[in-house]
Amino acid sequence: MNADAEVYGNMQLLAASYINVPQLRFTIDNPMLDKKQKQALLETACGTNPSALTKRFIELVLEEGRENALQLMANSFVTLYRKQKNITLGRLITATAVSPETEAKMKQMVETKTQGTVEFETEINPDLIGGFILEYDTYRLDASVRSKLNSILNTLKK
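Rules used in this analysis
- Sequence positions are assigned chain by chain, starting from 1 and proceeding in written order.
- Only residues with pLDDT of 70 or above have their local features reported here, since the model is predicted, and side-chain atom pairs are shown and tallied only from 80 upward, although totals for entire chains, interfaces and linings are computed over all residues.
- Side-chain numbers here rest on the full set of heavy atoms in the structure, without hydrogens or water.
- Every helix listed is a DSSP run of H or I at least four residues long, and every strand listed is a run of E at least two residues long, numbered separately from the N terminus.
- Should any heavy atoms of two residues lie within 4.5 Å, those residues are considered in contact.
- Two joining distances apply to patches: 9 Å for like charges and 5 Å for nonpolar side chains (Val, Leu, Ile, Met, Phe, Trp, Tyr), and every residue must have over 30% relative accessible area and no salt bridge.
- Areas reported as accessible are Shrake-Rupley estimates using a 1.4 Å probe. Residue values count occlusion only from the protein chains shown.
- The salt bridge criterion pairs a side-chain nitrogen of Lys or Arg with a carboxyl oxygen of Asp or Glu, the two atoms within 4 Å.
- Pairing between strands is defined by DSSP: at least two bridges between them are needed.
- By convention, orient the strands away from the viewer: a clockwise path from the first strand over the helix to the second makes the crossover right-handed.
- Only protein chains enter the accessibility calculation, which uses a 1.4 Å probe. A residue is then buried if its area is under 20% of the maximum for its type, exposed if over 50%, and partly exposed in between.

(A) Up close: the side chain of S17. In this fold, S17 is placed in helix α1 (residues 4–20). If we ignore the near neighbours within four places in the chain, the residues touching S17 are L24 and A45.

As structure tokens, this is what we get:
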């Protein structure tokens, strides 16, 4: 149905909803809540306008009484989709906000290294003092002032 990208977005939101709203799991697992209410709640957790395929998937999961495994299913779909489409997660942590050009350069660098697409997140953490931390796949490049100062401190302690 060529809706894989849309379903991927829905499953990302659903997986994030389970993490950000811990009560969601308990509510969905509650046998006192009827299937229509669970369907509406799960569709809301998938974003403002989930695809018809996502709605049908949720309906099927509820019909089979497998809602307790829905979080695992959403996470598994996201993982398998990323693997199939060669998508890598990347994260740039800086002490202050960076320009869109700098963010684009860092994303391009990771895409060159991974030979694939990168979903890039940026985060601001003033505790770094300066510099940045770049994480992707299983790699971590820490070029922060905080880590350099800690390294100097550890050397002086020896």
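Now that the structure is up, let's keep going.
(B) Local environment of a nonpolar patch on the surface. On the surface, a nonpolar cluster with roughly 490 Å² of combined accessible area is contributed by I129, V145, L149, I152 and L156. Inspection of the secondary structure assignment puts L149 in helix α7 (residues 145–157).

(C) Structural view of the pairing of strand β2 (residues 117–124). Across 8 bridges, strand β1 (residues 87–94) lies against β2 in parallel orientation. Note on β2: the bridge partner recorded for T94 is I124. Each parallel crossover has a hand, and the one from β1 via helix α6 (residues 100–114) to β2 is right-handed.

(D) Geometry of the environment of Q115. Summarising the element assignment, Q115 is placed in the loop between α6 and β2. Among the residues examined, Q115 registers a relative accessible area of 62% and is labelled exposed. Remark: the alpha-carbon pair of Q115 and I87, spanning 28 residues in sequence, is separated by 9.3 Å.

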